[in-house]
Every structure is written in structure tokens, then in C-alpha cells.
Amino acid sequence: MKRHFFVSLLASIAGWLFLCAFLVLGTAFFVIVYYTQQLPDYKQLAKYEPIITTRFYASDGQLLAEYASEKRIFVPVTSIPKLVINAFLSAEDKNFYKHNGIDYAGIVRAVLSNIKNRGSGKRLVGASTITQQVAKNFFLSSEMSFSRKIKEALLARRIEQTFDKDHILELYMNEIYLGRRSYGVASAGLMYFDKSLDELTLAEAAFLAALPKGPNNYDPDKKYKAAFDRRNYVLDRMYENGYATAEEVEKAKKEPINAVHRELNDTVKNADYYNEEIRRFIEQKYGENILKQGGLSVRTSLDPKLQNIAVDVLEKGLFEYDKRHGYRGVADHIDDMENWQKKLSEHQMPEYFPASWNKAVVLEISEDAATIGLTDGSQGLILLDTIKWARKWMENQRVSDEEVDEITDVMNVGDIIYVSERKKTDEGILYSLQQYPEVNGAVIALDPHTGRILAMAGGISYAKSQFNRAVQAYRQPGSSFKPFVYLTALDSGFTPSTLILDAPMVVDQGPGLEKWKPKNYTNIFYGPSTLRTGIEKSRNLMTVRLAQTVGIEKTVEYAKKFGISDNLMPVLAMSLGSGETTLLKLTLAYGMLVNGGKKITANLIDRIQDRTGKTIYKHDNRPCPNCQGEDATSAEVPQIEDTREQIQDPISAYQMVNIMTGVVERGTGKIAQTVKRTLAGKSGTSNDSFDTWFIGFSPDLVVGVFVGFDNPQTLGPHDTGSVVAAPIFRDFMLAALKDKPDIPFRLPEGVRMVRVDAKTGKPAKVGTKDAIWEAFRKETNVNEQTPVIGQDVIMTPEEEPDLGGLY
């Protein structure tokens, strides 16, 4: 009876166990089938194309900028050092090469550890393998749920069955997020230590391997101790797994975590305007996704040295202009000086101000100095002698006639001002009073033979204004347009020695309209003068007479041909630069004069390569059949055809270049003589000095300068292009051509150089004073007497707008 009872009991238990097992297996089968149907297509991992950072490089290979939604550098697993791999395996999955996607032993250890640590406050230990993390990172969300864990485990098994371990590890090492916007180990190595993977130390590799658990929790800037302890934990695991010796680990544990911020280093500074133009071009051509995810390598034409020069000289020129026009007043005032330090700290200084500037409050004034206080409580002095420039600013950029004789002429106790440290003395720290310019401008430098833009400063501060005045600002070029008026005359049979009447003229604009009376800047009339003189001295009356004689329609066509403007009105005022253009367009047009009349287009980018290294864009598309020779060392230098369109007679182009050398030697650009190199150029000033220009060049470098207010207004009664813009050009060339040989402008065939009298244009005699070398066509009879242009011209009514005289 008893035996029968036990047999029945065992049978019942077995039945129940069988039923439970059936239910469990059935449920598991149902769950697997159910979730398997919801799994994404994991086979796409075979064609893994990660989001990769697009990088802009300067012409010398220096990094300019990076664009990415995820900062990542893809590195094949075969190129990742064993040290780095071992660090991550120790930290994340030591049995990676042994399990089949799920580490069951690891799960048991994690469960036991969590039971043991229950109630201790310690973080729960996970058991996800690297394969499971790949499944989650690529296909699943980060939600904490059984549903996600089941899918993760199923995907991990499928991935393991489809791909080998090295491919899975490669996916993981390049996809994992490691903080500071870096994805993948290569990007993290640069972001945290500014090192490539093969340069990392044991301690640094261990730190990177510590990050996957929670990059924000182990950021050494915010939670150094946690980061330090986690790094050392990984080092202990590396020792236990046989990847490092005890001595190596102990040494590495003592090392501090010397993390850096690479985004602040290793890039060419001061190229924001340049970078933005490239970004805009790529986004328009390829789309935002390709820009931020496609991993493009963009080699630009920017020359870092010239770029720094452009930014520096523009800032210097604008600050000098600003100081010449007086002090616009203090920033603010504190009425009650009690607790002045707190009140000063509450004053907001614009973020775009130079980092060397400080805000300060005037504490005390003596006969020859002001004592100032800074936000940190320190004090300093501003001497009277250093603020003599700070005469009162007046409307229309004029300056008060009253000199600064006392400190109180400029500031009083309680005034908040901006200062920069000048020097330390026994009496204390001396400071300089500062004022940020309201005027703005641009500088652009390019290669006249290729159109490659070598430098671009689109304003005094990109942080203040992203508007690029080099390419976006359409302004009146004034006399800097005149060379193209005179070029039409040279192409029409005139010579540099042709005499043109410089005398008053009136243009009848038609019934009911005021008569237009162009004038010279000096309001003086000089009589018959050579065509050359009209450019050198920037004579308005000569220019208008010449444009009328040749035909203003022809000048308009030349403006189109050289890309200056496509919509100039065919009226005489256009000959004085009353139409609008950009600094880039005008500088490029000058480049086509320097290069002998060859058509060039502006270019910021030399080439673009995709993520595989394939060139998908290049500026120079000339065929080069011998450039891909098998033995490049013994091959002859390839002869590449010049495919540039000849849009201008090279002889007249050279004549104009030669004439513009006189602008530097004797005319409105004399300030550039200090460069002591062969230079040419032309200044320009619009009506009432709203816009000032200087476009100048050497045989292989063209530089354009523009200065003006964003909201057009006068720069001052005497502030012309030769006063405001030309000094910036001079400073640029002084730095750019330093230590470079002086070379002459290239002389084309068909030109004959003749010594002539600079005033009359006639061949010079022995002992002629002020004789110069003039360029003539070989067939020109230089002794022929020609009539004075404009001597017998009868003015006829024209529909001429009253645009005033520009100079």
C-alpha cells in the first residue's frame, strides 16, 4: 500500500514536471517565434557604413573644421592595437572569443553578485556580451525591459551565426559611444588624449575601456575620482586576464588621467568665414546628410599663413580707423559704488570681444591717471597719456577739436569701461582703454592664375556677425572699377600716353532732370593729362570723358566679361563705379588682368574625396594623360594643357597692369611703397566715403580689401580708399611677401617698352626728369601726335541718373 502511494506520487510529480516543462518549452517556443518575427534585418551589418566625420583640410594638410552628427573615425579591427582590444575585452566581455553571443556563465556570475550586493547600494552588475551590445546599438533602443533583452539575445545569436568574431568586434569598436560626442575608439582617443590608437598608453587604453558603462559618469572633468577608480578597475581585470603584468598595472594606476579638449586645438584658427562658405557649397551640392554623415575629405585652397595675416591686418586696420575717429563713450555707469565688484560682475561684456579684454570700473581719478577695479577685486591704472586718442566722437565720423587734457574728459568715477593689460610696473599694472569698432570690412587673397582663394576674412568677428562681407556684400566699388573703363580704351586704339582733357563738364540728363556735374576729389582741374595719369591720380572727369568717347555700352560689356556685374546700367555714372559688386568678384577680375587676360573662376576647394578615397569633385579638371605612370620617379614631368579661356588681349591687360604700378609708385597707393616689392593696384571710394576699397597685386598674388559700415554711412570726410583700405593691403603684403624674391610682372609678346616723360607721355629725351618706362604695342608710333580726347566733344542730352561724382 505504501509502495503504491509513493509510485503514484512520483508519477504525479513526473506528470506535473512534464506538464510544466511542456508549458515552459511551449511558452519559450512561442516567445522565440513571436519576437523572431519582430527582429530587424541583421544581415545589413555585412555592408556596415557608419556615420563618419567630414573633415576640411587646408592646402598644407592642417585640419580646418569637422562636421558630423556623430564624430567617428572608422578603423578596421586589424588596425586596432591589441592593447586597446584587450582593454575593452577585459572591461566588457572577457569571454568574447569563447561564447556564442550569450555568456551563460557570465549571467550566473552577475546574478550571484547582485544577490550578494543586494542592499549595499552598489550598481547592479550586467551580463551583456559585446555581441548583445552590437545588437542593441545597431537595432534596438536603450529601454530597460524584458522585451528588449529577449530581442537582444535573439539578435546576438543570429549575428554570431552570420558573422565572424572579428567583424562583430570591429562593429562594436567603431560604433560604441564614448562621450564628448565621440563614437568609436579612434575618435575617443583623439577627443580625450589627442592621440591615435597606436600612441595610447596602457592607462589611457584602460580609461577608454572604462567609458562604455556610462561616459558621463566617468568624465574626468566632472567626476575625476569615479573615472580614476573605474580606470583602475579595468587595469586589474587586464592583469587577471593576463594582458598586463603586475608591474605594468601598478605603474599605470599611478598615472593621472590627463584628458585634453581636442576640439580647441589642432585646427587652423581664424578661418570661420572660409569654412562656412565651404560648408554651404557642400550642403548645396551633396546635401546635409552627406556633409554630416558621409565622411568626406575636403582639401581646400586655404593657406594658413596667409589666412592668419588676413585676419590680423583687417583687425588692425579697423581698430586703427576706429581710434582715429574718437571715443563713443563708456559702457555703463554705477551710481552707488558700494559693493562695486558685484555690480561690475553683473555687467555683460559682449562675448565676441577679445579674450584679453576685461571690464573695469573707475574707482578714483588723479591728475594724470585713473585707478580702476576689475571683477576679481584687483586694481590697476590708466595713464592720461594713453587716452589722448579718446577725443569725443561726433556725428558722421567726425572728432571733437577739443584735446583730452584731463582724465575726466573721457571717464569719471563709477564709469564701466573696457580695458586690456599693457604692462606691469612698480606702481601697479597699467591698462589701456579699449573700444570695439563699429566699422567692418573684408580681406580676400587669391591666386591670379588659378582662382584659388588662399585667404578670406569676411569681417572683424564671425562670433559677432556671420555675414560674409567678402562674398555677400554688394557695394559700390568707386574708382577701383576705373581700370576696366581704361581697358576698353586701350582695346579701342588708345595708348597709355593718350591725352585726355581734365576739365569741368556738365551732362544734360534730359527734360526735367538736374544736370549732372561730375567732379574730381580735389575739386581741381588739371587740363590735358595722359591716360596713365587718369588711373594713377584717380581723375573722375578724365574717366567720364573717356567712357563717353569709347562708349559706356562697351564698358558695361567688359564688366560682364570679367564677372564684375551682369546688370550695370549703360550710363556714364557707371564709369565711376556707382554700380554694385562684391569684393570677391572685383578681386577676381583684377586677377584676370594680372594673368594676361585668362578666364579664372573663384575656387575654395581643390578636391573632395568620399569615405573610400574616391575623388568625387576637383576644381582642376584638365586632362593629364601621363600623370598615372607606373614609374613616377623616372617619368617625365607631365605637360598639362592650359585650357583657360583667353577673354582679354594680353597686351592691353599688361598695359593696364603696368599703369597700375604707377598707382603704387606715384598715385593713390603710394603707402604700399614700403613693401619694396613690385606691386600694382587701385584704390576706390564711393560717394561720401560710404565704401572704401583697395585691390592690389604682385605677379602671383591678388589681394582685395573693403572697409565700410554694414549699415551704409560715411566713414568720415577724409577717409578714402587710399587712407582706410590701402594700409591694410600694405600690411598684408609686408607679411605675405616677406623673405620672398621680388619678381617683375610677366611681359607678353608684342609689347615694346619705351622711356617717356611721365607728364606728357612723349618719348623721353636725355636728361628728362621723371621719365618712366611705358608699355606700347610694337606697331604703335610713339612719336605720333594725337588729339586730346574731349577737347572738341559736344555734350549731348542723355538719360543720365544723378548719382553724383565718385572717386
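Residues numbered from 1 in each chain as written. Predicted model: local features only at pLDDT ≥ 70, side-chain atom pairs only at ≥ 80, totals over all residues. Heavy atoms only, no water.

### Some words on the overall build of the protein
Okay, so step 1: Of regular secondary structure, the protein possesses 22 helices and 24 strands.
Okay, so step 2: Evaluated residue by residue, the protein yields a buried proportion of 51% over its 807 residues.
Okay, so step 3: If you take every contact in the protein between residues at least 6 apart in sequence, the share linking residues at least 24 apart comes to 71%.
Okay, so step 4: As displayed, the protein has an accessible area near 39,600 Å², and 52% of this comes from carbon and sulfur atoms. (Helix = DSSP H or I, 4+ residues; strand = E, 2+ residues; numbered from the N terminus. Buried < 20%, exposed > 50% of the residue type's maximum accessible area, 1.4 Å probe, protein only. Contact = heavy atoms within 4.5 Å. Areas by Shrake-Rupley, 256 points an atom, 1.4 Å probe, with all protein chains shown as cover.)

### A word on the pattern of salt bridges
Okay, so step 1: Counted by the stated rule, this structure contains 38 salt bridges.
Okay, so step 2: Of the charged contacts, one joins Asp606 and Arg452 as a salt bridge, the two residues approaching to 2.9 Å between their closest N and O atoms. Of this pair, Asp606 sits in strand S18 (residues 605–609) while Arg452 is found in the loop between strand S14 (440–446) and strand S15 (453–457), placing the two residues 154 residues apart along the sequence.
Okay, so step 3: The residue Glu774 makes a salt bridge to Arg532 at a minimum N-O spacing of 2.6 Å. Taken together, the positions of Glu774 in strand S24 (residues 771–777) and Arg532 in helix H16 (residues 531–536) put the pair 242 residues apart, joining distant regions of the chain.
Okay, so step 4: With relative accessibility at 2%, the residue Glu774 sits in the buried group.
Okay, so step 5: What you see here is one network of salt bridges that share partners, running through Glu276, Glu277, Arg279, Arg280 and Glu283. (Salt bridge = Lys/Arg side-chain N within 4 Å of Asp/Glu carboxyl O.)

### What to know about helix H18 (residues 552–561)
Okay, so step 1: Here H18 has its buried residues at Ile552, Thr555, Val556, Tyr558 and Ala559. Looking down the long axis of H18, one finds its buried residues gathered within 160° of arc, a one-sided arrangement.
Okay, so step 2: On the buried face of H18, the contacting elements are helix H15 (482–491) and helix H17 (540–550).
Okay, so step 3: Trailing H18 by a residue or two, Gly563 shows a phi angle of about 75°, which is positive. (Arc of directions from axis to C-beta.)

### Thoughts on empty space enclosed by the protein
Okay, so step 1: Under the definition given, this model contains three cavities of 30 Å³ or more.
Okay, so step 2: Of the pockets and cavities examined, the largest cavity occupies roughly 70 Å³.
Okay, so step 3: As for the largest cavity, its lining consists of Tyr321, Asp322, His325, Gly326, Arg328, Trp393, Gln397, Glu438, Val439 and Phe709. (1 Å grid on protein atoms, 1.4 Å probe; cavity = no way out; pocket = protein on both sides within 12 Å on 5 of 7 lines; lining within 4 Å. Points joined across faces, edges and corners; volume = space filled by probe spheres on them.)

### A closer look at the confidence of the model for the protein
Okay, so step 1: Scored by pLDDT, the protein has a mean of 88; 87% of the residues are at 70 or more.
Okay, so step 2: Within the model, the stretch residues 793–807 combines pLDDT values under 50 with 56 contacts to residues more than four positions away or in other chains. (pLDDT = per-residue confidence, 0-100.)

### Structural notes on a nonpolar patch on the surface
Okay, so step 1: A cluster of nonpolar residues, Leu10, Ile13 and Leu17, forms a patch on the protein surface that exposes about 310 Å² of accessible area.
Okay, so step 2: Mapped onto the elements, Ile13 comes out in helix H1 (residues 2–36). (Patch = residues over 30% accessible without salt bridge, like charges linked within 9 Å, V, L, I, M, F, W, Y side chains within 5 Å.)

### Let's talk about the side chain of Arg279
Okay, so step 1: Along the chain, Arg279 falls in helix H11 (residues 272–286).
Okay, so step 2: Its relative accessible area of 18% is what places Arg279 among the buried residues.
Okay, so step 3: There is a polar contact of 2.8 Å between the side chain of Arg279 and the side chain of Glu283.
Okay, so step 4: When sequence neighbours within four positions are dropped, the list of residues in contact with Arg279 reads Phe56, Tyr67 and Leu291. (Polar contact = N/O pair within 3.5 Å; in protein donor to acceptor, adjacent residues only side chain to side chain.)

### Remarks on the pairing of strand S13 (residues 428–434)
Okay, so step 1: Counted residue by residue, S13 has five buried out of seven residues, so it is predominantly covered.
Okay, so step 2: One ladder, built from seven bridges, connects strand S12 (residues 415–425) with S13; its direction is antiparallel. From the neighbouring strand, Lys424 faces S13, where its bridge partner is Ile429.
Okay, so step 3: Where S12 folds back on S13, the antiparallel hairpin that results is connected by two residues. (Pairing = 2+ DSSP bridges.)

### As for unusual backbone geometry
Okay, so step 1: Of note in the backbone geometry, Asn339 takes a positive phi value of approximately 60° without being a glycine.
Okay, so step 2: Residue placement: Asn339 occurs in the loop between strand S6 (332–333) and helix H14 (340–346).
Okay, so step 3: The exposure class assigned to Asn339 is partly exposed, which follows from its relative accessible area of 47%.
Okay, so step 4: A positive phi angle, near 60°, is found at Asp770, a position not held by glycine.
Okay, so step 5: By secondary structure assignment, the location of Asp770 is in the loop between strand S23 (751–757) and S24.

### Some details on the nonpolar core
Okay, so step 1: Membership of the largest hydrophobic core comes to 84 residues, with the highest contact counts inside it found for Phe56, Ile282, Phe484, Leu531, Phe562, Met660 and Phe697.
Okay, so step 2: Here this core gets nine residues from one element, more than from any other, and that element is helix H19 (residues 583–594). (Core = buried A, V, L, I, M, F, W, Y, C linked by side-chain atoms within 4.5 Å.)

### Here we look at the packing of helix H4 (residues 130–139) against helix H6 (residues 165–175)
Okay, so step 1: Two elements in contact, H4 and H6, have axes separated by 9 Å at closest approach and are oriented at 55°. What the angle tells us is that H4 and H6 run oblique. Crossing handedness for the pair H4 and H6: left-handed. From H4, Ile130, Thr131, Gln133, Val134, Asn137 and Phe138 reach across to H6, where they touch Ile168, Leu169, Leu171, Tyr172 and Glu175.
Okay, so step 2: Partitioning the contact of H4 with H6 into residue classes produces seven nonpolar, three polar and one charged. (Axes fitted to C-alpha atoms, helices over the stretch in contact; angles between N-to-C directions. Parallel < 35°, antiparallel > 145°, perpendicular 65-115°, else oblique. Left-handed = near helix turned anticlockwise from the far one by under 90°. Nonpolar A, V, L, I, M, F, W, Y, C, P; charged D, E, K, R; others polar.)

### A look at the sheet that holds strand S19 (residues 615–618)
Okay, so step 1: Here we have five strands laid out as an open sheet, ordered S2-S1-S5-S18-S19, and mixed in their pairing. Looking at which strands have only one partner, the edges of the open sheet turn out to be strand S2 (63–67) and S19. With strand direction ignored, the average angle separating the axes of adjacent strands in the sheet is 15°.
Okay, so step 2: With four bridges connecting them, strand S1 (residues 54–57) and S2 associate as antiparallel partners. From the neighbouring strand, Thr54 faces S2, where its bridge partner is Tyr67.
Okay, so step 3: Contacting S1, S2, strand S5 (297–300), S18 and S19, H11 crosses the sheet at an angle of about 50° to S18.

### Regarding the sheet that holds strand S20 (residues 680–685)
Across a sheet, strands are paired by hydrogen bonds formed along the backbone, either parallel or antiparallel in direction.
Okay, so step 1: Pairing is antiparallel in the open sheet, where five strands are placed in the order S15-S14-S22-S21-S20. Only two strands of the sheet have a single partner each, and these edge strands are S15 and S20. Across this sheet, the average inter-strand angle for adjacent strands is 5°, counted without regard to direction.
Okay, so step 2: Here six bridges tie S20 to strand S21 (residues 691–698), and the two strands are oriented antiparallel to one another. Within the sheet, the bridge partner assigned to Gly684 lies in S21 and is Trp693.
Okay, so step 3: Relative to the sheet, helix H13 (residues 304–324) contacts S14, S15 and strand S22 (701–708), its axis offset from that of S15 by approximately 30°.
Okay, so step 4: Where helix H22 (residues 726–736) meets the sheet, it contacts S14, S20, S21 and S22, and its direction lies at approximately 145° from that of S22.

### Digging into the packing of aromatic side chains
Okay, so step 1: This model, assessed by the stated rule, comprises 26 aromatic pairs.
Okay, so step 2: Arranged with centres 6.1 Å apart and planes meeting at 85°, the rings of Phe319 and Trp357 form a pair that is edge-to-face. Here Trp357 lies in strand S7 (residues 357–365) and Phe319 lies in helix H13, a separation of 38 residues in the sequence.
Okay, so step 3: Taken together, the ring pairs connect Phe481, Phe484, Tyr558, Phe562, Tyr590, Phe697 and Phe745 into an aromatic cluster.
Okay, so step 4: Its end group placed over the ring of Tyr526, Arg539 keeps NZ or CZ at 3.7 Å from the ring centre. (Phe/Tyr/Trp six-rings, centres within 6.5 Å; stacked < 30°, edge-to-face > 60°. Lys NZ or Arg CZ within 6 Å of the ring centre and 35° of its normal.)

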